[in-house]
Amino acid sequence: MVLKRLAQGARLSMARLPLLVGKGRVPVAPVHNIRDLWPGDAGIGAMLIKGSLTLAGYTHPVGPGMWDNPGYEPAFREGLHSFRWLRDLRAVGTDAARLRARALVDDWLLNPPTHPMVRDCSVAGARVAAWLGHYDFFAASASDQFRQRLMARLLVEGRTIAALLPPECHDWQSLTALKGLLAVAVAMPEYTGFLSRYRRYIDGEVERQILPDGWHVQRSPEVQLRALRELAEMRAMMQAAQHALPHSVALALDKMSPVLRAMRHGDGGLALFNGSHERTATLIEMVLSQATRTRVVANAMPDGGFVRAQAGRSLLLIDAGAPAPTGHDHNAHAGTLSLEFSCMRQRLIVNCGGGLLPQWKKALRQTAAHSTVEVEGLSSSDFHEDGTVARRPAHVEVEHATREGAHWITLSHDGYYPTAGATYSRRLYLGSGGDGLRGEETIEGERELAFVLRLHLHPSVYAQPDPQNGTVVLEAGEQTWRFRATGGEVAVEESVYSGGTRPVPSTQIVVRVTPGGGRRQPAGVDDPAARGEEAGKMPDAPPAARSGIADIPAPADVPPGRRRSVIRWGLERE
């Protein structure tokens, strides 16, 4: 480790040696034109022209001489020095926007910031990719002196990234670092070492991050989009320089795209698992079109640990895995076995999403912010102060059977065993027409436990309790759904939804079970709620002999000394 740091330090020192900027040493312009592929936000660009910038939930004044402002939060500082906001100025498209972009870049070049984050290889990678991707916008018509400064700095930045490889953290942002190195290699092909170093590390980085079924190891639809976007940019750069794309990148693009398509609701946005936001359907389509020409949707995602069940015009998505493994878990949520449900373009049951500001980010990671069961006010996973996962379910099991368009899904995890001595099982049935979703939530432990089923609703859904028959009517656009449950007290409570840039008020259906107050099943006693035709009755799973799929067994009898509590519920379209 010591030798590695010494070698890295020596390479960094070499990277910052004064450049010989005479003729033939630094190109006067990029040899190959690199184009930024993604749309910007003209509103953010207009604010930036006036002197303020909004990033990561924060808004601050920015301008010449303010790069090292100590008042900037880390997330804001990272975004500021990445220069991705150049696309927001480009979206404005005026001469004022062009001159503002040029002035800010030139001030950075003349007065390079000293904050350590500036030298982070992923931040540097984003920065050089942004400079080169917007070269025609702000630099092509500039003075010779400005363009010479820019090209000289690009060479230094490329050497810095090369010196910092391999990255210490192997998350999607390490792909940004490699993308930046590739951008410099394409812009300055005479410096062959950049391309060689990119090819040296890209295969290993893709192999670490992309699972066999195409999921990114961080298990977040948002990260899936971001990683796919970085790889798609690499493809575009290679095409611009007429270089062969590494096989690992081509394979990852083909495997990741079906997964991203699978995690979209009918409105085109992303499902909100593990800190994701909806994003816009336009951006997602652009990324997919740059990544692959096929329109395949993943059906089985065993390595990523997600279940996708579609029936009629309805879609059910379930997080059927433990949080991301150590080293990739700094944004993981305690949402194991949480679900989202939509019909056509209408989201109905959702998770609360991801927070941008630290206090929201911490709150929305808890189990209570997900459409699943919360036991004794605890979460199924705990987190360290640095955000990594301290405790997670040791065992997560899932079985998924289908017949004639209907889906039976049985899931369980032991995340509550260390803290409450309980295991949690969830059985779901989605009818073939997509007009009915039924669930059975089972908590089994050494004692009676208080728990609550939470089904968070999209802000566009209006929930009205019907006290006469103990149901909840959901008005969702032109759709009307009715929720019924047995085994606990049903109520409608306040919630929040953070699928966009900030949390907005919403509601949630809750079914509470309290010790002695809710329905429980002691050892050897059949639960009468399992009989009859109530809304929560689970249809029999398909026999293996007829369907060719292993039957999903009903819950076994409760072992002696254990207690089992059950909630059964149904959501039917009217």
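Here, every reference points to the structure presented above.
Residues numbered from 1 in each chain as written. Predicted model: local features only at pLDDT ≥ 70, side-chain atom pairs only at ≥ 80, totals over all residues. Heavy atoms only, no water.

Let us now look at the overall build of the chain. Scanning the chain from terminus to terminus reveals 16 helices and 22 strands. Looking at the chain as a whole, 55% of its 574 residues qualify as buried. Long-range pairs, those at least 24 residues apart, make up 69% of the contacts in the chain with a sequence separation of at least 6. Approximately 23,900 Å² of the chain is accessible, and the part contributed by carbon and sulfur atoms is 53%. (Helix = DSSP H or I, 4+ residues; strand = E, 2+ residues; numbered from the N terminus. Buried < 20%, exposed > 50% of the residue type's maximum accessible area, 1.4 Å probe, protein only. Contact = heavy atoms within 4.5 Å. Areas by Shrake-Rupley, 256 points an atom, 1.4 Å probe, with all protein chains shown as cover.)

So, on to helix H6 (residues 121-133). Taking 1.5 Å per residue as the helical rise, H6 with its 13 residues ought to reach 18 Å, and the 18 Å between its terminal C-alpha atoms agrees with that figure. Of all 13 residues making up H6, 13 are buried, and the element is well covered by its neighbours. (Expected span 1.5 Å × (residues − 1).)

Taken as a whole and judged by the stated rule, the model has 13 aromatic pairs. Relative to Trp 131, the ring of Trp 108 lies with its centre 5.4 Å away and its plane at 75 degrees, an arrangement referred to as edge-to-face. Of the two residues, Trp 108 sits in helix H5 (residues 95-110) while Trp 131 sits in helix H6, which places them 23 residues apart along the sequence. Comparing Trp 108 with Trp 131 shows no difference in burial state: the two are buried. Residues Phe 341 and Trp 481 carry aromatic rings whose centres are separated by 5.6 Å and whose planes lie at 90 degrees to one another, so their mutual orientation is edge-to-face. Within this pair, whereas Phe 341 is found in strand S6 (residues 339-343), its partner Trp 481 is found in strand S18 (residues 479-486), the two being separated by 140 residues in sequence. Side by side, Phe 341 and Trp 481 carry an identical accessibility label, which is buried. One aromatic cluster in this structure is built from Trp 67, Phe 83, Trp 85, Trp 108 and Trp 131. (Phe/Tyr/Trp six-rings, centres within 6.5 Å; stacked < 30°, edge-to-face > 60°.)

For the pair helix H10 (residues 192-209) and helix H12 (residues 247-262), interaxial distance at closest approach is 9 Å and the crossing angle is 35 degrees. Seen from above, H10 lies across H12 with left-handed handedness. Residue-level contacts link Tyr 198, Ile 202, Asp 203 and Val 206 of H10 to Ser 248, Val 249 and Ala 252 of H12. (Axes fitted to C-alpha atoms, helices over the stretch in contact; angles between N-to-C directions. Left-handed = near helix turned anticlockwise from the far one by under 90°.)

So, on to unusual backbone geometry. In this model, Leu 165 is joined to Pro 166 through a cis peptide bond whose omega is 0 degrees. Positionally, Pro 166 belongs in the loop between helix H8 (144-164) and helix H9 (172-187). With a phi angle near 60 degrees, Arg 219 is a residue other than glycine that sits in the positive phi range. Looking at the secondary structure, you find Arg 219 in the loop between H10 and helix H11 (221-241). One non-glycine residue with positive phi stands out, namely Glu 376, at about 55 degrees. On the secondary structure map, Glu 376 appears in the loop between strand S8 (373-375) and strand S9 (382-383). Of the residues examined, Glu 376 reaches a relative accessible area of 34% and is grouped as partly exposed.

Here the focus is the side chain of Glu 157. Mapped onto the secondary structure, Glu 157 falls in helix H8. Among the residues examined, Glu 157 registers a relative accessible area of 3% and is labelled buried. When near neighbours in sequence (up to four residues on either side) are disregarded, Glu 157 contacts Trp 108, Ala 124, Arg 127, Val 128 and Trp 131.

A word on the environment of Val 128. Structurally, the position occupied by Val 128 is in helix H6. In this structure Val 128 comes out as buried when scored by relative accessible area, which is 0%. Remark: the alpha-carbon pair of Val 128 and Arg 84, spanning 44 residues in sequence, is separated by 9.8 Å. Once residues within four sequence positions are removed from consideration, Val 128 is found in contact with Leu 154, Glu 157, Ile 161, Gly 180 and Val 184.

As a further point, take the environment of Glu 340. Examined against the element boundaries, Glu 340 turns out to sit in strand S6. Look at Glu 340 and you get buried, because its relative accessible area is 0%. Residues Glu 340 and Arg 308, spaced 32 residues apart in sequence, show a C-alpha to C-alpha distance of 9.9 Å. Residue contacts for Glu 340: discarding those within four places in its chain leaves His 265, Ala 271, Leu 272, Phe 273, Leu 315, Leu 316, Leu 317, Arg 347, Ile 349, Val 350 and Asn 351. At 2.9 Å, the side chain of Glu 340 forms a polar contact with the backbone nitrogen of Asn 351. (Polar contact = N/O pair within 3.5 Å; in protein donor to acceptor, adjacent residues only side chain to side chain.)

Before going further, it helps to spend a moment on the packing of H6 against H8. Following both chains from N to C, one finds H6 and H8 inclined at 150 degrees, their axes separated by 10 Å at the closest point. Viewed along their axes, H6 and H8 adopt a mutual orientation that is roughly antiparallel. Every pair of crossing elements has a handedness; the one defined by H6 and H8 is left-handed. When H6 is examined against H8, the residues Cys 121, Ala 124, Gly 125, Arg 127, Val 128, Trp 131 and Leu 132 are found in contact with a partner set consisting of Leu 150, Arg 153, Leu 154, Glu 157, Ile 161 and Leu 164. For the contact of H6 with H8, the per-class residue count stands at nine nonpolar, one polar and three charged. (Parallel < 35°, antiparallel > 145°, perpendicular 65-115°, else oblique. Nonpolar A, V, L, I, M, F, W, Y, C, P; charged D, E, K, R; others polar.)

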